[in-house]
Amino acid sequence: MPSNLYQDVPYEEKQRLFEQVKADPRYKDYLYGCYECGICVAACPSARFYDFSPRKIAQTLAREDIELFYEQLNDDVWNCSQCFSCLRCPRQNNPGGLITIMREVAVNNGLKTTKEALAGYTRIIYKIMTTGTQVSPDMLQEDAFPDWGPQVKEVAQNLELWRRALPPETLHTTGLSWQVEERTMLELYTIWKLTGVLDMITELDEGLHDIMEEVMDDALEESGFQVQ
Ligand code: SF4
Ligand code: SF4
């Protein structure tokens with residue numbers, strides 16, 4: 001049963017978002033119905049730790065339950081770790097893929113719950129999209145990872161030493177975990193700009209979008225890469 005959490009949102013708005021998910025060209029390849037066998041749940045790591053179920057996502061979409069869909073769009077989709085273990089579905093569904101589409105719709109529509117869910121990831125999004133590196137050593141700070149316990153403080157204080165002790169391919173840097181080829185980054189910038197992925201960030205955080213666009217435009221211009 002859907003909760004009353006989103007009863008103030010008009011049904012038409014919930015349906016509009018559902019139609020956006022359904023209109024995605026990948027949708028028909030990701031959902032063929034659901035046996036309710038629960039194999040996806042047994043395979044899903046997130047289902048072990050959260051009140052979350054890929055089976056419920058597949059069933060909700062198959063039944064076109066608009067109220068429950070909207071609730072899952074707000075409350076569930078960010079619990080998925082996108083590992084795609086659920087691909088072993090005997091019905092050939094792809095619950096993780098369905099969640100990818102739902103996430104994109106949530107981001108593109110700037111849902112409040114999505115902004116809240118992703119607020120803590122701003123620096124990680126910036127790092128990945130501008131350098132190709134995810135969590136870099138210099139991000140291991142106490143205030144950013146309070147739940148990591150006292151070890152993170154020790155690591156942060158002795159970061160230079162730890163990095164120098166690591167194998168040469170880490171480049172001994174603290175700002176990058178590894179070096180991504182310049183050409184690869186330029187190609188990624190081009191793809192993100194042309195496919196609208198960069199623009200998706202606008203709905204989440206306009207300031208972040210503008211900073212990243214500047215970094216990408218400068219790099220592309222300097223290299224002579226042409227983005228049509
Ligand atoms: S992709 Fe998401 S739903 Fe599928 S198994 Fe992984 S965490 Fe679970
Ligand atoms: S494995 Fe497939 S058929 Fe079984 S519950 Fe999950 S989505 Fe439904």
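Here the structure is shown first, and the text comes after it.
Residues numbered from 1 in each chain as written. Chains lettered and ligands numbered in written order. Predicted model: local features only at pLDDT ≥ 70, side-chain atom pairs only at ≥ 80, totals over all residues. Heavy atoms only, no water.

### Describing helix 12 (residues 182-195)
Which entries qualify depends on this criterion: The way it works is that DSSP assigns letters per residue, a run of H or I at least four long becomes a helix, a run of E at least two long becomes a strand, and they are numbered from the N terminus. Helix span is expected to be 1.5 Å times the residue number reduced by one. Three exposure classes are used, based on accessible area relative to the maximum for each residue type with a 1.4 Å probe and protein chains only: buried under 20%, partly exposed in between, and exposed over 50%. The arc refers to the directions leading from the helix axis to the C-beta atoms. Residues count as neighbours in contact if any of their non-hydrogen atoms are within 4.5 Å of one another.
Along its 14 residues, helix 12 runs 20 Å from first to last C-alpha, staying within 8% of the 20 Å computed at 1.5 Å per residue. Taken together, the buried positions of helix 12 are Met185, Leu186, Tyr189, Thr190 and Trp192. Down the axis of helix 12, the sector holding all buried residues measures 165°, keeping them to one side. Away from its buried face, by an angle of more than 90 degrees, helix 12 presents the exposed residues Arg183, Leu194 and Thr195. Along its buried surface, helix 12 packs onto helix 9 (122-131), helix 13 (197-204) and helix 14 (206-223). Just downstream of helix 12, Gly196 is the residue with a positive phi angle, here 85°.

### Section: the packing of helix 1 (residues 11-23) against helix 7 (residues 95-108)
Which entries qualify depends on this criterion: Interaxial angles span 0 to 180 degrees and are taken between N-to-C directions of axes, which are lines fitted to C-alpha atoms, for helices over the stretch in contact. Angular relationships are summarised with four words: roughly parallel below 35 degrees, roughly antiparallel beyond 145, roughly perpendicular across 65 to 115, and oblique for the angles in between. Left-handed is the label given to a crossing in which the near helix is rotated counterclockwise from the far helix by less than a right angle, and right-handed is the label when the rotation is clockwise.
At their nearest, the axes of helix 1 and helix 7 sit 9 Å apart, and the two run at 130° to each other. Relative to helix 7, the element helix 1 is oriented oblique. Where helix 1 crosses over helix 7, the handedness of that crossing is right-handed. On helix 7, the residues that touch Leu17, Gln20 and Val21 of helix 1 are Ile101, Met102 and Val105.

### Regarding the site of ligand 2
Heads up, the rule is: Being near a molecule or strand, for a residue, means having at least one of its heavy atoms within 4 Å of it. Under the scheme applied here, ten amino acids are nonpolar (Ala, Val, Leu, Ile, Met, Phe, Trp, Tyr, Cys and Pro), four are charged (Asp, Glu, Lys and Arg), and all others, including Gly, are polar.
Surrounding ligand 2, one finds 13 residues, the nearest of these being Cys34, Tyr35, Cys37, Cys40 and Cys89. Breaking the shell around ligand 2 down by element, the ones donating at least two residues are helix 3 (39-43) and helix 5 (54-63). Of the residues assigned to the shell around ligand 2, the class counts are 8 nonpolar, 2 polar and 3 charged.

### Some words on the pattern of salt bridges
Cut-off, in case you're wondering: Salt bridge criterion: a side-chain nitrogen from Lys or Arg within 4 Å of a carboxyl oxygen from Asp or Glu.
A full pass over the atoms with the stated rule returns 12 salt bridges. With a shortest N-O distance of 3.1 Å, Lys112 and Glu116 are connected by a salt bridge. Taken together, the positions of Lys112 and Glu116, both in helix 8 (residues 112-118) and 4 residues apart, correspond to about one turn of that helix. The exposure class of Lys112 is exposed, given its relative accessible area of 63%. A relative accessible area of 49% means that Glu116 is categorised as partly exposed.

### Details of the site of ligand 1
Around ligand 1, the surrounding shell holds 14 residues, and the nearest of these are Cys44, Cys80, Cys83, Phe84 and Cys86. Residue assignment for the shell around ligand 1 shows that the elements contributing at least two residues are helix 4 (45-49) and helix 7. Here the residues of the shell around ligand 1 are counted per class, giving 9 nonpolar, 5 polar and no charged.

### A short note on the environment of Arg164
As for its placement among the helices and strands, Arg164 is situated in helix 11 (residues 159-164). It is 9.6 Å that separates the C-alpha atoms of Arg164 and Thr174, two residues lying 10 residues apart in sequence.

### Some points on helix 1
End to end, helix 1 covers 18 Å across 13 residues, agreeing with the expected 18 Å (1.5 Å per residue, within 8%). Residues of helix 1 that are buried: Lys14, Leu17, Phe18 and Val21. Down the axis of helix 1, the buried side of the element spans an arc of 100°, and every buried residue falls inside it. Helix 1 presents Glu12 and Ala23 as exposed residues on the side facing more than 90 degrees away from its buried surface. Looking at the buried residues of helix 1, the elements they touch are helix 2 (27-30), helix 5, helix 6 (66-75) and helix 7.

### A short note on unusual backbone geometry
The residue Glu64 is not glycine, and still its phi comes out positive at about 55°. Tracing the sequence through the fold places Glu64 in the loop between helix 5 and helix 6. For Glu64, a relative accessible area of 36% gives the class partly exposed. The phi dihedral of Phe84 falls on the positive side, at around 65°, and the residue is not glycine. Take Phe84: its relative accessible area is 30%, and that puts it in the partly exposed class.

Note that every value here comes from positions in space, so none of it alone points to a role or purpose.
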